[in-house]
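So the chains spell out like this:
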Amino acid sequence: MQSVIPKNLDAMTPAAPAKPASVQALLNGILDGEGFRKRFDEVLGARAPQFVSSLVSLINADSALRQAAVDAPLTIIQSALKAAALDLPIDPALGLAYICPFRNKGKSEAQFIIGYRGLIQLALRTGAYSKLTVVDVREGEFQSFDRLTETLSVNWIEDEGEREKREIVGWIGYFKLTNGFEKAVYMSRNDVLRHEKKHRKGQEMSRAWREDFNAMAEKTVLRKLLGKYALLSVTYQQADPAAIKAADDLLRGCAEEDALEAEAAVE
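Criteria and thresholds
- Residue indices begin from 1 for each chain and proceed along its sequence in written order.
- The predicted nature of this model means local features are confined to residues of pLDDT at least 70 and side-chain atom pairs, given and counted, to a pLDDT of 80 or more, with totals for whole chains, interfaces and linings taken over all residues.
- Side-chain measures were taken over the full set of non-hydrogen atoms in the model, leaving aside hydrogen atoms and water.
- Where helices and strands are cited, they refer to DSSP runs of H or I of at least four residues and of E of at least two residues respectively, numbered from the N terminus.
- Throughout, exposure labels follow a simple rule: accessible area from a 1.4 Å probe, protein chains only, divided by the maximum for the residue type, with under 20% read as buried, over 50% as exposed, and the rest as partly exposed.
- Areas reported as accessible are Shrake-Rupley estimates using a 1.4 Å probe. Residue values count occlusion only from the protein chains shown.
- Helix span, expected: 1.5 Å multiplied by one less than the number of residues in the helix.
- Throughout this description, the term salt bridge denotes a Lys or Arg side-chain nitrogen within 4 Å of a carboxyl oxygen of Asp or Glu.
- We define a polar contact as two N or O atoms separated by no more than 3.5 Å, with the added condition that, inside protein, one atom must be a possible hydrogen donor and the other a possible acceptor, whereas residues neighbouring each other in sequence contribute only through side-chain atom pairs.
- Any two residues having at least one pair of non-hydrogen atoms within 4.5 Å are treated as being in contact.
- Working definition: rings of Phe, Tyr and Trp (its six-membered ring) pair if their centres are within 6.5 Å, and the pair is stacked with planes under 30 degrees apart, edge-to-face with planes over 60 apart, and tilted otherwise.
- In these notes, a set of buried Ala, Val, Leu, Ile, Met, Phe, Trp, Tyr and Cys residues joined through side-chain atoms within 4.5 Å is what counts as a nonpolar core.

Trainee: Run through the overall build of the protein, naming residues and quoting values.
Mentor: Helices and strands together make up the secondary structure of the protein, namely 13 helices and 7 strands. A buried classification covers 41% of the 267 residues belonging to the protein. When the accessible surface of the protein is totalled, it reaches about 15,200 Å², and 51% of it is carbon and sulfur.

This is the structure in structure tokens:
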């Protein structure tokens, strides 16, 4: 019996799986194909190539962000554009702005998160502040808070060694403008815990809160202070109205930043 051999053996051979594109190639394709590179050039000028390079390095260093680059690359580009419009570097070591991965319906996506130091930067750019700070309050220091006059009474412990032994019971955010206007807000530990629980996703506290509760509490107090009372300057350069609105929403607590922080780190 004569065997039948297909004339085209290639048609019978399974195709080799496509090699995944590198992060650099993937982002370059999106930047060029969707016109985003021009947008970065408009916002950052000569610093655009350096910013894109730092974005690639950031993604390569984080497996969850690499997955987001595959699942939802536009969320990374959009997050990076927000940071660029605010003129905030995305190097995590600087603490100014972050591009954080989170899970959404089984896929990895990216979210822009403004950092504690980033909020301070936006305030200081106005040149209107003579003082801006957040300090912790130790056990025995807090005396009273008048809700009508918003006057705080605190008896600070002068001995720093003794103070370090006391438990942190709250945080005070305070600023004073060069024209003399000043404002302070106080949040107890219980206030901060209620805030975290209200805005978390899921049942458990996020990794960011577990690993550095004090830093997250300070940021929460600072956002409450600046979002409600402060003068802010973003130095948008050539930011469009959409970027300006996104920045304003973040600063004033309208965006879903706090809710998304609960899944900012893919565990």
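Trainee: So what's going on with helix α11 (residues 213-229)? Which residues, and what values?
Mentor: The first and last C-alpha atoms of α11 sit 24 Å apart over 17 residues, in line with the 24 Å expected at 1.5 Å per residue. Across the 17 residues of α11, 12 count as buried, placing the element largely inside the fold.

Trainee: Explain the environment of Ile114 residue by residue, including any values.
Mentor: Within the fold, Ile114 resides in strand β2 (residues 107-114). Each C-alpha atom of the pair Ile114 and Leu96 lies 6.4 Å from the other, and the pair is 18 residues apart in sequence.

Trainee: Describe the pattern of salt bridges, and please don't skip the residues or the numbers.
Mentor: Evaluation of the coordinates by the stated rule reveals 9 salt bridges. Arg163 serves as the salt-bridge partner of Asp136, at 3.1 Å between the closest nitrogen and oxygen. Pair noted here: Asp136 is in strand β3 (residues 129-138) and Arg163 is in helix α8 (residues 160-165), with a separation of 27 residues, a long-range link. Among the residues examined, Asp136 registers a relative accessible area of 13% and is labelled buried. A residue is classified by how much of its surface remains accessible, and Arg163, at 10% relative accessible area, is buried. The shortest N-O distance in the salt bridge between Glu162 and Arg166 comes to 3.3 Å. On the basis of relative accessibility, which here comes to 30%, the residue Glu162 falls in the partly exposed class. Judged by relative accessible area, Arg166 falls into the partly exposed class, the value being 29%.

Trainee: So what about the environment of Arg125? Which residues, and what values?
Mentor: Note that Arg125 resides in the loop between α7 (116-124) and β3. Here Asp87 takes part through its backbone oxygen, which lies 3.0 Å from a polar atom of the side chain of Arg125.

Trainee: Just give me the short version of the side chain of Glu196, but keep the residues and values in it.
Mentor: Residue position: Glu196 is located in helix α9 (residues 189-199). For Glu196, a relative accessible area of 4% corresponds to the buried category. Apart from residues no more than four positions distant in its own chain, Glu196 is found in contact with Met205, Ser206 and Trp209.

Trainee: Describe in detail the packing of aromatic side chains, supporting the description with residues and values.
Mentor: Applying the stated criterion to the full structure yields 6 aromatic pairs. Ring centres of Trp171 and Phe213 lie 6.1 Å apart, and the angle between their planes is 50°; on these two criteria the pair is classed as tilted. Taken together, the residues span a long stretch of sequence, with Trp171 in strand β6 (residues 168-177) and Phe213 in helix α11 at a distance of 42 residues. Each member of the pair, Trp171 together with Phe213, is buried. Where Phe175 meets Phe181, the ring centres are 6.0 Å apart and the plane angle is 45°; that geometry is what we call tilted.

Trainee: Lay out the nonpolar core in plain terms, naming residues and giving numbers.
Mentor: Core analysis: the largest hydrophobic core is formed by 56 residues, its most contacted members being Phe40 and Tyr129. Sequence-distant contacts of Phe40, that is, excluding residues within four places in its chain, are made with Leu31, Gly45, Ala48, Phe51, Ile77, Ala80, Leu81 and Ala84.

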